[in-house]
Amino acid sequence: MGAGMDVARLNLSHGSLDASLDLYERIRGVARSEGRELGILADLPGPKIRVAPLPRGGAMLEQDAEVILRPGHTASEGRVLEVDYERLLDDVQVGDLVGLADGQILIAIRSAGEAELRGQVVHGGLLRGRPGFYIPADRLSLATPTERDVRYAEAFVEAGVDFIGVSFVRGPDDLRALGTAPPPAGPLLIAKIETRPAVENIDAIINAADAIMVARGDLGIEFPIEYLPHLQKDIIRRCIAGGRPAITATQMLESMIESPVPTRAEASDVANAVFDGSSAVMLSAETAIGVDPVQVVTTMARVAQEADLRFDHTGWAEHITQLHMINSDQRSRSVTDAMTTAASRVVEEVDLAALICVSGSGFTVRSMARFRPRVPVLGFSADPRTVRQLTLSWGVEPICLASEIAYESRVADAVQAATELGHVRAGDLVAVLAGINPAMRSTDVLRLLQVPEDLGELRRAPQPAR
């Protein structure tokens, strides 16, 4: 947390549900003790297929070596790999190219017997732990979400988790099948884009999701590798245009699992993900099993912060304004779209110290963050879960208001909190986005104000006309 982590991701593919819930409570406790607003993402296993546990230290698969693949979940060793999937022999065919560990190792299937498959290693490497096993999405028999996913989701919703990652999404119905309450009563649903059907249904998925994760491991196997950078850019821009946070994930600082410094290519990859418009960049094995997770987070934070400083804010805002706004047919959201678009223009024309956004659900803050304004976005809400959910949004400093009260009092409380926390000071010009009428569930006021020496003046000021 001290190194720069904003959201902790729990990969529920590993360990038991009870152990994951214990870790969840431990993270919550540390965040409270540190006085931090920290989001927690419960990443559901999905129909992700994994190789049975490998020996301590892993197993090296050399190029051109023969490998035997069998259904099983007990243990793998050397070149005999058990795959925890009963339909392995039905869904994998001779001629298929299967990937392990996010596509780092590729095996061509050469023959099939009654109880096993035989393959040849096309691209070798070291396998460790319980690596994922890729089967083409159009042939995978398992549905999303699985019964295990639903059970895990219910447990974490009851615990109060902020985000749920839905694995192997192929269409919007996969998200609706979880049946969670919309935020902030429920968690933000993050659709993981890692299949060809997901890319083909991307607009419908973005419309149904609360956020998107570009999971580049399986996606890089489903599509030719030369397509991947362009898919990443297109998915992120569509997502951000719709006011949803976008996460770029997989192998961002992979060499730092063992090395104290990343490769130059990895540093460039993180920076380019920021330039693409990513709201967040994600670490996996680098912090889960890496030798120095704090150094990894510190390194990623430094690279991302420098990229933010060099980001083309003006060009990005102009581009996003031109893109089709998803959900524009919904009245409350189209009003908020218009107000946040206006605020993005104000940022370019007026010397502001900050944008203060007061929101119940967080939608206004996320809508504002899509423009990547060059000034800090202070996201205020009286709902603690909304505040934690804003940790995923680009450039947002999430802050909890004491209560949901009348418009003038909310604005005064927000300005006072921003001042006390050192984000603004007396004499600064700030823009305030908020809603006068909570029943409308939209942002209907954009106001410019100078922070007074006496904050009581804000509480005594007349309410602006809508």
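Above: the structure in question.
Described in the following lines is the structure provided in the data block. (Residues numbered from 1 in each chain as written. Predicted model: local features only at pLDDT ≥ 70, side-chain atom pairs only at ≥ 80, totals over all residues. Heavy atoms only, no water.)

Notes on the packing of aromatic side chains
Okay, so step 1: Summed over all chains, the structure comprises three aromatic pairs.
Okay, so step 2: On the numbers, 5.8 Å between centres and 85° between planes, the contact of Tyr 24 with Phe 156 is edge-to-face. Within this pair, whereas Tyr 24 is found in helix H1 (residues 17-34), its partner Phe 156 is found in helix H3 (residues 147-159), the two being separated by 132 residues in sequence.
Okay, so step 3: We classify Tyr 24 as buried; its relative accessible area is 2%.
Okay, so step 4: Judged by relative accessible area, Phe 156 falls into the buried class, the value being 0%.
Okay, so step 5: In this structure, Arg 196 is placed above the aromatic ring of Phe 223, and the distance from its NZ or CZ to the ring centre is 4.2 Å. (Phe/Tyr/Trp six-rings, centres within 6.5 Å; stacked < 30°, edge-to-face > 60°. Helix = DSSP H or I, 4+ residues; strand = E, 2+ residues; numbered from the N terminus. Buried < 20%, exposed > 50% of the residue type's maximum accessible area, 1.4 Å probe, protein only. Lys NZ or Arg CZ within 6 Å of the ring centre and 35° of its normal.)

Focus on the pattern of salt bridges
Okay, so step 1: Counted by the stated rule, this structure contains 19 salt bridges.
Okay, so step 2: Residue Glu 116 pairs with Arg 118 through a salt bridge whose shortest N-O separation is 3.2 Å.
Okay, so step 3: A relative accessible area of 31% means that Arg 118 is categorised as partly exposed.
Okay, so step 4: Several salt bridges share partner residues, and in doing so they unite Glu 66, Arg 70, Glu 116 and Arg 118 into one network. (Salt bridge = Lys/Arg side-chain N within 4 Å of Asp/Glu carboxyl O.)

Comments concerning H1
Okay, so step 1: The end-to-end C-alpha distance of H1, which contains 18 residues, comes to 26 Å, matching closely the 26 Å that a straight helix rising 1.5 Å per residue would cover.
Okay, so step 2: Burial in H1 covers these residues: Leu 17, Ser 20, Tyr 24, Ile 27, Arg 28 and Ala 31. All buried residues of H1 project into a common sector of 100° when viewed along the axis, lining one side. Every exposed residue of H1 that faces more than 90 degrees away from the buried side is listed here: Asp 18, Asp 22, Arg 26 and Ser 33. (Expected span 1.5 Å × (residues − 1). Arc of directions from axis to C-beta.)

Digging into the side chain of Arg 244
Okay, so step 1: By the secondary structure assignment, Arg 244 is in the loop between helix H8 (228-241) and strand E15 (246-249).
Okay, so step 2: Among buried Asp, Glu, Lys and Arg side chains, Arg 244 stands out as unpaired, with Asp 210 the closest opposite charge at 5.9 Å.
Okay, so step 3: Here Ile 206 takes part through its backbone oxygen, which lies 3.1 Å from a polar atom of the side chain of Arg 244.
Okay, so step 4: Among the polar contacts listed, one links the side chain of Arg 244 to the backbone oxygen of Ala 209, at a separation of 3.1 Å. (Lys, Arg positive; Asp, Glu negative; His and termini not counted. Polar contact = N/O pair within 3.5 Å; in protein donor to acceptor, adjacent residues only side chain to side chain.)

So, the pairing of strand E18 (residues 377-381)
Okay, so step 1: The buried count for E18 comes to five of five residues, which makes it a mostly enclosed element.
Okay, so step 2: The two faces of E18 match: Val 377, Gly 379 and Ser 381 on one face and Leu 378 and Phe 380 on the other face are all buried.
Okay, so step 3: Sheet analysis places strand E17 (residues 354-358) next to E18, joined by four bridges and oriented parallel. Counted as the bridge partner of Ile 356 is Leu 378 from E18.
Okay, so step 4: Tracing the backbone out of E17, into helix H14 (residues 363-369) and back to the parallel element E18 gives a crossover that is right-handed.
Okay, so step 5: Here E18 pairs with strand E19 (residues 396-400) via five bridges, running parallel. The residue of E19 that forms the bridge with Val 377 is Val 396.
Okay, so step 6: For the crossover that starts at E18, traverses helix H15 (residues 384-389) and ends in the parallel E19, the hand is right-handed. (Pairing = 2+ DSSP bridges. Right-handed = clockwise from strand over helix to strand, strands pointing away.)

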